[in-house]
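If you want the building blocks of each chain, they are given just below.
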Amino acid sequence: MADDDIPFNRNFPLLPGVVEEVRPGVRRILCDNPSPFTFTGTVSYIVGRGKVAIIDPGPDNEAHAAALLDAVRGERVSHILVTHTHRDHSPNTARIKAATGATVYAEGPHRASRPRFESEKHNPESGADRDFRPDVTLGHGDVIEGDGFHLEAVATPGHTANHLAFAWPERKLSFVGDHVMGWSTSIVAPPDGSMIDYMASLERLAGREEDLYFSGHGPEIPEGPRYVRFLIRHRQAREASILHRLSKGEADIPTLVRAIYIGIDPRLMTAAGYSVLAHLEDLVGRGIVATDGDPVIGGTYRLAAT
């Protein structure tokens, strides 16, 4: 299945710094950090009225912090919730906490989905916020009670190991961070991310009752579980494309990317390579694909002998 078969919605006219109430008790503000990876920028959410929670304060961006604080002038920020520790989501937490004294909730500090292989070079330019530490660590099913809101932590590892969604069951809506986005598929890049975890987390969301998703980038997603099914089929099709190419002979990751991602934005080639690696890591683990040594970005891959 091509990307075009996913019902993406790239219509998101919200301007940076503008406060938009999208549902009663749910406001959003866009940070001015557009890129091929962040779309028009990171979306922060304000939940409740009077005493409120802020979800994902965004990158290290003073103007965005000021816009968030201006939006809650006269209100008390009691909670700061962080879906995951990429640098476009969590670094502004320190500014908001310093200004409000709010308690910070998240799954935990940044960590990889698996140990780094000896042959892997550490990439200091990776997008991880390694300084972040929550005040309160959350596990799957933990409940965050606020004044007029009741949010449940839903473990959704895959994009990062510490990714959480925050469901509001009574309102049948969920803040899904970067795990599900309406404008594009999510990047899953080992060792930070894991395709095995990502697929399991999609299944977890698809089995829940919340049907309106608010994402870390781009517009809200109606009929969330139905949309998640499109994403699952898309990833299954990508796996089939990798196996189809390997049926013609062994290949390295750049060769697989060229065969699978026709007409890709050149700026996304590296990310596409890591997404293919995430699939290969899963396939090697299941004994379907073989490689010499650990499954790494520079490896060569072939179908395993049956």
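Going by the structure above, here's the rest.
Residues numbered from 1 in each chain as written. Predicted model: local features only at pLDDT ≥ 70, side-chain atom pairs only at ≥ 80, totals over all residues. Heavy atoms only, no water.

Trainee: Describe in detail the sheet that holds strand β14 (residues 251–252), supporting the description with residues and values.
Mentor: Here we have three strands laid out as an open sheet, ordered β14-β16-β15, and antiparallel in their pairing. Looking at the sheet topology across the chains shown, the edges are occupied by β14 and β15 (289–291). For β14 and strand β16 (residues 300–303), the ladder comprises two bridges, and the chain directions are antiparallel. Bridge pairing in β16 places Ala251 opposite Tyr301. (Pairing = 2+ DSSP bridges. Helix = DSSP H or I, 4+ residues; strand = E, 2+ residues; numbered from the N terminus.)

Trainee: Give a detailed account of the pairing of strand β12 (residues 212–215), specifying residues and quantitative values.
Mentor: Side chains Leu212 and Phe214 of β12 all project onto a buried face; the interleaved residues Tyr213 and Ser215 project onto the opposite face, where all are buried too. In this view, the connection linking strand β11 (residues 173–177) to its parallel neighbour β12 by way of helix α3 (residues 195–206) has right-handed handedness. Pairing between β12 and strand β13 (residues 221–222): two bridges, direction antiparallel. For Leu212, the partnering residue across the bridge sits in β13 and is Pro222. The loop that links β12 with its antiparallel partner β13 comprises five residues; one of these, Gly218, has a positive phi angle of about 85 degrees. (Buried < 20%, exposed > 50% of the residue type's maximum accessible area, 1.4 Å probe, protein only. Right-handed = clockwise from strand over helix to strand, strands pointing away.)

Trainee: Could you give me a rundown of the packing of helix α4 (residues 224–246) against helix α5 (residues 253–260), with the residues and numbers involved?
Mentor: Two elements in contact, α4 and α5, have axes separated by 10 Å at closest approach and are oriented at 115 degrees. Crossing geometry of α4 relative to α5 is assigned as right-handed. From α4, Arg238, Ser241, Ile242, Arg245 and Leu246 reach across to α5, where they touch Thr255, Leu256, Ala259 and Ile260. Residues that form the contact of α4 with α5 fall into these classes: five nonpolar, two polar and two charged. (Axes fitted to C-alpha atoms, helices over the stretch in contact; angles between N-to-C directions. Left-handed = near helix turned anticlockwise from the far one by under 90°. Contact = heavy atoms within 4.5 Å. Nonpolar A, V, L, I, M, F, W, Y, C, P; charged D, E, K, R; others polar.)

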